[in-house]
Amino acid sequence: MPTCTALIVAAGRGNRFGGPLPKQYAILNGQPVLRHTLLAYRAAPEIGAIRVVIAPGDEGFYAAASRDLRLSSPVLGGASRQQSVLKGLEALAEDEPELVAIHDAARPFVRPADITACLTAAAATGIDGAVLGVPLADTVKRTDREGAVAETVPRANLWRAQTPQVFRFAPLLAAHRAVASLAEAEATALTDDAAVAERAGLKVVMVAGSEDNRKITTTDDLRRATAVETRTAFGFDVHGFSPGDAVMLCGVAVPHTQALAGHSDADVALHALTDALLGTIGAGDIGQHFPPSDPQWRGVSSDRFLHRAVDLVAARGGRIVHLDLTLVCEAPRIGPHREAMVASIARIAAVSPDRVSVKATTTEGLGFTGRREGIAAQAVATVEIPRS
Ligand code: MG
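Fair warning: this is a prediction, and the values are worked out from it, not measured in the lab. (Residues numbered from 1 in each chain as written. Predicted model: local features only at pLDDT ≥ 70, side-chain atom pairs only at ≥ 80, totals over all residues. Heavy atoms only, no water.)

Some words on the overall build of the protein
Broken down by element type, the protein carries 13 helices and 18 strands. The globule rule puts the C-alpha radius of gyration for 388 residues at 21 Å, and the 30 Å found for the protein is more than 25% above it. With respect to the three principal axes, the spread of C-alpha positions in the protein is 90 × 50 × 35 Å. For the protein, buried positions account for 46% of its 388 residues. (Helix = DSSP H or I, 4+ residues; strand = E, 2+ residues; numbered from the N terminus. Rg over C-alpha atoms; globule rule 2.2 N^0.38 Å. Buried < 20%, exposed > 50% of the residue type's maximum accessible area, 1.4 Å probe, protein only.)

Dropping the structure here:
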C-alpha cells in the first residue's frame, strides 16, 4: 500500500452551527468532535500521518482536541475551505506522500474500514482518486425559480459525496494550485476536492460508504448524534384527608367530601411525579427543593414543583419519555377525571398526552387508604439523558 497522509480540514467557522464553539470543537459524547475524527484516522492502519488545518485563533481548541495524540503542528487555513485545503497540501509537499486522504473534521463517525476502502480504490492502477459516498435513495426534482417542478432527475448513478476523498498527492496539489488562480465564482462552484480533481481531468471513483458518516452542521445534528441513556426512577407520596370539599390531583380539582391536608395544595399525584423525575437525574427529593418549613410554599400550587423537576431534567439535556402514575384510594372515583388529569400532567411536563399514563386502584378496604384516611400515589418517570 502506498504511503498516505490524512489531511483533516477543521478551519471552518461554521456559521450555520450557532453553538458557543465552532462545530468541530463542540463536545460530542464527552469529547470534541475533532477528537472523534482523529481517533478514527488513528484506527485506520494505512494512514501514516495526520495533519490538521485549523483557523487562526483556534490553537487552544485544537490543543485540547488533539491532546496526547502527538500530531505534527497544525496548518493555519485560509478564507475558504478550498484555500485551507491548498495550504494543507502545500504543508505536506515537503514529505510528499503518495496519497492524501482529505476529510472534514465535522464527520466524526467515519469508519476506519471505509477509510481503508477509499485508499485501496485510489491506489488502483489508472485511478487518481476515490470518494466515499452513498448512492441516492430519494427521488430528485429540479424546480424553476417559483419552486414548481421542472424536471424529475433520473437518480440512477447519482451519489451524495462524503469524505474521505483520497487522491494521488502530486496531481491533486497541481489541480488545487490551478484553481487558486481562478475567479472567485468559478472556484466556489467547485464544492469539494473531487470537483477540483475532476476539473483537472483526474479519474475519480466513488466508494460506497454508510449513512452513519454524516456531517455535523447544526446544533440539531449534534443533539441527534449524541448518545443517550434511558433512566427510570420511582416516586411515592401520601397525604391524609382533612375537612373540605375537593382534592387536588394532577393539578385537577376533584369534588369530594374531604380535602387533602398538606403544606402546599397537597397534590399527592404531582408530588410523586416530581420525586420520580428528580430521581432520574439524582437531584434529591421534593422536600429538599421545597422545604415544608419554608412559608413561601404554603398553599402553593404543586405544578410549580413538577415544573422545577422538568426544568432540571431539561437543563441536563434530558427528554421525558414517559410518566406513569397510580393513585391509590377508595374515593373519590378517578375514572371520570382521568382524561383531564392526563392532559394536565402533559401540559405541566410539556410532553404529548400519549407519554402520560394515569391509573387508579383501591386496596380492597385494607390499610389507611382502605380506611379512607388519605390518598397514596406512586409514579414512575422514564427519561433519556445524554450519556456522561
Ligand atoms: Mg407530598
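Thoughts on the coordination of the magnesium ion
Bound to the magnesium ion are the protein donor atoms Asp237 (OD), His239 (NE2) and His271 (ND1), situated 2.1 to 2.3 Å from the metal. Read in sequence order, the donor residues for the magnesium ion give the motif D-x1-H-x31-H. On the criterion of sequence distance, the pair formed by Asp237 in strand β12 (residues 228-243) and His271 in helix α9 (residues 268-280) is long-range, its members being 34 residues apart. The class for Asp237 is buried, based on a relative accessible area of 17%. What makes His271 buried here is its relative accessible area of 7%. (Donors = N, O, S within 2.8 Å, 3.2 Å for Na, K, Ca; no water.)

Some remarks on a nonpolar patch on the surface
On the surface, a nonpolar cluster with roughly 410 Å² of combined accessible area is contributed by Phe234, Phe236, Val238, Phe368 and Val380. Broken down by element, the residue count for the nonpolar patch peaks at three residues, all from β12. As for its position among the elements, Phe236 is in strand β12. (Patch = residues over 30% accessible without salt bridge, like charges linked within 9 Å, V, L, I, M, F, W, Y side chains within 5 Å. Areas by Shrake-Rupley, 256 points an atom, 1.4 Å probe, with all protein chains shown as cover. Salt bridge = Lys/Arg side-chain N within 4 Å of Asp/Glu carboxyl O.)

Some details on the domain arrangement of the protein
What the domain assignment reports for the protein is domain 1 (4-225) and domain 2 (228-386). Computed from C-alpha coordinates alone, the two centres of domain 1 and domain 2 are separated by 51 Å. (Domains from an automatic or database assignment.)

Re the packing of helix α3 (residues 81-92) against helix α5 (residues 169-180)
Packing of α3 against α5 leaves a shortest axis separation of 10 Å and a crossing angle of 135°. By the angle between their directions, the pair α3 and α5 is classed as oblique. Viewed along their axes, α3 and α5 form a crossing whose handedness is left-handed. Two secondary-structure elements touch here, α3 through Gln82, Val85, Leu86, Leu89, Glu90 and Leu92 and α5 through Phe169, Leu172, Leu173, His176, Arg177, Val179 and Ala180. Taken together, the residues of the contact of α3 with α5 break down into nine nonpolar, two polar and two charged. (Axes fitted to C-alpha atoms, helices over the stretch in contact; angles between N-to-C directions. Parallel < 35°, antiparallel > 145°, perpendicular 65-115°, else oblique. Left-handed = near helix turned anticlockwise from the far one by under 90°. Contact = heavy atoms within 4.5 Å. Nonpolar A, V, L, I, M, F, W, Y, C, P; charged D, E, K, R; others polar.)

A look at the side chain of Ser357
With respect to the helices and strands, Ser357 occurs in strand β17 (residues 356-361). Look at Ser357 and you get buried, because its relative accessible area is 19%. In this structure the side chain of Ser357 is engaged in a polar contact, spanning 2.6 Å, whose partner is the side chain of Asp324. Not counting residues up to four positions away in its chain, the partners in contact with Ser357 are His322, Leu323, Asp324 and Leu325. (Polar contact = N/O pair within 3.5 Å; in protein donor to acceptor, adjacent residues only side chain to side chain.)

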